[in-house]
Amino acid sequence: MQRYLFFLSRFWRSGLAVWAALACMSSQAFSEAPELSARVAAGELAPVQRRLPDSPEVIHALPGARYGGSLRSALLASGDENGVLRFVAQGLTRWDTRFEHIQPNIAERWTVNRDATEYVFSLRHGLRWSDGVPFTADDVVFAVNEVIADRRLSGPPADRYQAAGETMRAEKIDTWQVRIRFAAGNRLLPEELAGPYGHHPVLYPRHYCTRFHAAYNPQADAEAKQAGLSGWMALFNRQCPAFAGRWSNPDKPTLDPWVISAGLGRGLTPVVLQRNPYFWQVDQRGRQLPYLDAIRFELFRDPTAILAAAMEGRLDLQIRHVSGVAARERLAALVASGSHVQMSLPDVNASAVGLYLNHTTVRDALRRLYADVRFKAALSQAFDRDAIARGVFRGEVTPWQVGPPRGHRFYNEKLASQFTRFDLAAANHSLDALGLTARDAQGFRLLPDGARLSLRAIVNSNAEQMIATLEMVRQDWAQAGIELVIEALDRAVASSRARANDYDISVDVVSGGIDPTYNPRAYLAQHPADSRQGLPWVRWYDSHGTEGLEPPPAMRQRLQWWDEWKAARSAAEADRLFQRILAIAAEELEVLGTVSSPAQTGIRARRLQGVPDQMPGAWIWPTPNPSLPQQYFFTD
């Protein structure tokens, strides 16, 4: 509670500072980028005062900030859409720069009742979509009630948008206020709305998206079929997409600092975003943000090409695909030249490489083994984490299972350290005790059904450190008579395989180190894409038992406690519940960690200012969005 009071006091002080800034600003005119002034003079745009909200948010930028320039970054051509999201996407709330507390964003304030079943969000008066149409409570009500809650459009609502088996509902109070209600408590909503997956309430401009919705346009179905689509729902999802498709439709209005002018889906053609003339933030001098004219994402087929472009100085800011130890060594010459600066981004994950054992695999014999902790303990003991730390991560990490770090209030010794010592003899003894004594001609153990004990691991083909780690695990496991088949796949293909439940192990970082309550996907089956210890369990949970596969008692208990955690009326009660969740996760050993996570690194051009040289390296934060790229600028 003291922590929350501290944050409240900080918020109050920052609110006074913003109020004072606005009071001083009220006597002066707002100003804008030269390109927008030219459009105003030509009669193409309304004056800046009419494009901004009544009280735009004030961002305190560095001295010397100036307009102009196009920032160059890079993405992979396939499966890398989140790189755009992490740079520009806006939600009702946002994280502060230190990843400590949530603060206003599109909503300028909110209130919540004692049991966290009702939130009232006050939107910024006069805020507009990028096409100039006002953004109001009607947009949020439409997004919540007509899109998020409609399973035909969105599937089972995500955990963040429901409670007690019911999807949240929105109610318009007035033009600028909206009430969101839950059937039971949902204390994490403001954090979820600030995260990368929580933007849905502000993703669907009502005036645009209703054109493709059958309830508002009786011709929507016929128009869809004329376009070669199955019906109006397919048309809606194409014209009003969320996330991956969000960056492919330049016609869809947005609230982001930049708007799509050249979208994804055109081969290796760059993705270009241009300044939003209706963006709702200004600096302390009343200048409308963003400073940068444009963001240009060059597309490459593989990370090697991105690294080469970075080494040649052709990228102004790059974190994705250049943050590994080996990449940092190859970028040393660029940094030494003085043209670029190396950035340090402390990682918040619980393990750099995690093996999510698929407890819902269709292979009956393997599913039974996964249900036995002795088998999972043997898998964990049968590979050398010290060797991985030295060979793959240059000694910058230590052996680690999963869980929050030492010193964290949720640190759990068993979760973090059990079965992390390389002990091949103990692993073999456990496997023998399980009856896995028969072997084939190559020395691999046989399952009770006579099939080889062979585990298929899917992994992103661009994740070099993960593949290198898996190769070391493969060699170690072979000594225990276990075959590991490494399937390095395009990220989109790997995601498709996961959704189809077609894998034995899925390999990814283990989230939930510094941020376990915000990102608990490895500890309980609540994330529809990434709780890969059992995605059918997640579907069962999200659909309230109508879809997917019912989890075993240990997971059902955690999911029940998770629901209670969301409805907890005090921080102490919530912490006790989450500690219980972690304790059972330790007992079940569903996700095997390897080593702790090293700091991520990146590079920025020295002439690019406003970029913190240290910021969290996190998906849930999501890097670099809360550092406010709209106030980045070039010095010349």
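Computed from a prediction, not measured in an experiment: that's the story for all the values here.

Draft legend 1. Region of the structure containing the state of the cysteines. Evaluation of the coordinates by the stated rule reveals one disulfide. Between the sulfur of Cys209 and that of Cys240 lies a disulfide, 2.3 Å long from S to S. Its torsion about the S-S bond being -120°, the disulfide of Cys209 and Cys240 is classed as left-handed. Separated by 31 residues along the polypeptide, Cys209 in helix α8 (residues 206–209) and Cys240 in the loop between α10 (232–239) and β11 (258–262) bring together distant segments of the chain.

Draft legend 2. The arrangement of the nonpolar core in detail. If you look at the biggest cluster of nonpolar residues, it comprises 52 residues, and the most contacted ones within it are Leu71, Tyr204, Phe236, Leu273 and Tyr632. No other element matches the four residues that helix α4 (residues 82–88) contributes to this core. Grouped together as the second largest cluster of nonpolar side chains are 42 residues, Tyr370, Phe375, Val459 and Val507 included.

Draft legend 3. Examining the side chain of Gln90 more closely. On the secondary structure map, Gln90 appears in the loop between α4 and β3 (93–95). Within the local environment of Gln90, its side chain forms a polar contact with the backbone oxygen of Val88, the two atoms lying 3.2 Å apart. Only 3.0 Å separates the side chain of Gln90 from the side chain of Asn105, close enough to count as a polar contact. Not counting chain neighbours up to four residues away, the residues in contact with Gln90 comprise Asn105, Ile106, His199, Val202, Arg246, Leu255, Asp256, Pro257, Phe279, Trp280, Asn625 and Gln630.

Draft legend 4. Region of the structure containing the pairing of strand β17 (residues 351–357). Of all seven residues that make up β17, seven are buried, and the element is covered over most of its length. The pairing of β17 with strand β20 (residues 505–510) spans five bridges and is antiparallel. Along β20, the bridge assignment pairs Leu355 with Val507.

Draft legend 5. Focus on the sheet that holds strand β15 (residues 317–318). The three strands lie next to each other as β15-β22-β16, forming an open sheet whose pairing is antiparallel. Looking at the sheet topology across the chains shown, the edges are occupied by β15 and β16 (340–345). The pairing of β16 with strand β22 (residues 600–605) spans six bridges and is antiparallel. Paired with His340 across the bridge in β22 is Ala605.

Draft legend 6. Highlighting the sheet that holds β11. The four strands lie next to each other as β2-β14-β12-β11, forming an open sheet whose pairing is mixed. Where the open sheet ends on each side, the last strands, each with one partner, are β2 (70–76) and β11. Across the sheet, the mean angle from the axis of one strand to that of its neighbour is 25°, orientation sign disregarded. Across four bridges, β11 lies against strand β12 (residues 271–275) in antiparallel orientation. Directly across from Trp258, in β12, lies its bridge partner Arg275. Sheet strands in contact with helix α11 (residues 303–311) are β2 and β14 (294–300), and its direction is about 155° off that of β2.

Draft legend 7. Structural detail: the packing of helix α15 (residues 373–381) against helix α18 (residues 424–433). Where α15 meets α18, the axes come as close as 8 Å, and the angle between the chain directions of the two elements is 155°. In terms of their interaxial angle, α15 and α18 are classed as roughly antiparallel. Crossing of α15 over α18 shows left-handed handedness. Here α15 contributes Arg374, Phe375, Ala378 and Gln381 to the contact with α18, which in turn contributes Leu424, Ala426, Ala427, Ser430, Leu431 and Ala433. Taken together, the residues of the contact of α15 with α18 sort by class into seven nonpolar, two polar and one charged.

Draft legend 8. Quick look at the pattern of salt bridges. As enumerated under the stated definition, the model contains 46 salt bridges in all. Notably, a salt bridge pairs Arg497 with Glu487, separated by 3.1 Å at the nearest N-O pair. Here Glu487 lies in strand β19 (residues 483–489) and Arg497 lies in helix α20 (residues 491–499), a separation of 10 residues in the sequence. Here Arg497 makes a salt bridge to Asp502, at a shortest N to O gap of 2.9 Å. The class for Arg497 is buried, based on a relative accessible area of 16%. When its relative accessible area of 31% is taken as the criterion, Asp502 is described as partly exposed.

Draft legend 9. Region of the structure containing α11. Among all positions of α11, only Pro303, Ile306, Leu307, Ala309 and Ala310 are buried. For α11, the angular spread of buried residues about the axis comes to 160°, placing them on one side. Of the surrounding secondary structure, the elements contacted by the buried residues of α11 are β2, β14, β15, α12 (325–330), α13 (332–337) and β22. Of the residues flanking the start of α11, the one acting as N-cap is Asp302, its side-chain oxygen 2.9 Å from the backbone nitrogen of Thr304. Gly313 lies just past α11 and shows a positive phi near 80°.

Draft legend 10. Broad picture of unusual backbone geometry. A cis amide bond, omega 5°, links Leu289 with the succeeding residue Pro290. Looking at where Pro290 falls in the secondary structure, it is placed in the loop between β13 (281–283) and β14. Cis geometry marks the peptide bond from Thr623 to Pro624, where omega comes out at 0°. With respect to the helices and strands, Pro624 occurs in the loop between β23 (608–609) and β24 (633–634). We note that Phe99 has phi near 60°; this positive angle belongs to a residue other than glycine. On the secondary structure map, Phe99 appears in the loop between β3 and β4 (102–104). Residue Phe419 is not a glycine yet carries a positive backbone phi of 55°. By secondary structure assignment, the location of Phe419 is in the loop between α17 (413–417) and α18.

Draft legend 11. Examining the environment of Arg187 more closely. Position of Arg187 relative to the elements: it lies in the loop between β10 (177–181) and α7 (189–194). You can call Arg187 partly exposed: its relative accessible area is 21%. Separated by 73 residues in the primary sequence, Arg187 and Arg114 place their C-alpha atoms 9.6 Å from one another.

Draft legend 12. Quick peek at empty space enclosed by the protein. Tallied over the full model, the rule gives six cavities of 30 Å³ or more. Counted as a void, the largest cavity has a volume near 140 Å³. If you go around the largest cavity, you meet 16 residues; those closest to its centre are Arg160, Glu192, Tyr518, Gln526 and His527. A breakdown of the residues in the lining of the largest cavity according to their chemical character gives eight nonpolar, four polar and four charged. The computed volume of the second largest cavity comes to approximately 80 Å³. Lining the second largest cavity are 14 residues, and of these Ala89, Thr93, Arg94, Ala194 and Asn625 sit closest to its centre. Here the element with the most residues in the lining of the second largest cavity is β3; it accounts for three residues. Partitioning the lining of the second largest cavity into residue classes produces seven nonpolar, six polar and one charged.

Analysis parameters
- Residues numbered from 1 in each chain as written.
- Predicted model: local features only at pLDDT ≥ 70, side-chain atom pairs only at ≥ 80, totals over all residues.
- Heavy atoms only, no water.
- Disulfide = S-S within 2.5 Å.
- Helix = DSSP H or I, 4+ residues; strand = E, 2+ residues; numbered from the N terminus.
- Core = buried A, V, L, I, M, F, W, Y, C linked by side-chain atoms within 4.5 Å.
- Buried < 20%, exposed > 50% of the residue type's maximum accessible area, 1.4 Å probe, protein only.
- Polar contact = N/O pair within 3.5 Å; in protein donor to acceptor, adjacent residues only side chain to side chain.
- Contact = heavy atoms within 4.5 Å.
- Pairing = 2+ DSSP bridges.
- Axes fitted to C-alpha atoms, helices over the stretch in contact; angles between N-to-C directions.
- Parallel < 35°, antiparallel > 145°, perpendicular 65-115°, else oblique.
- Left-handed = near helix turned anticlockwise from the far one by under 90°.
- Nonpolar A, V, L, I, M, F, W, Y, C, P; charged D, E, K, R; others polar.
- Salt bridge = Lys/Arg side-chain N within 4 Å of Asp/Glu carboxyl O.
- Arc of directions from axis to C-beta.
- 1 Å grid on protein atoms, 1.4 Å probe; cavity = no way out; pocket = protein on both sides within 12 Å on 5 of 7 lines; lining within 4 Å.
- Points joined across faces, edges and corners; volume = space filled by probe spheres on them.

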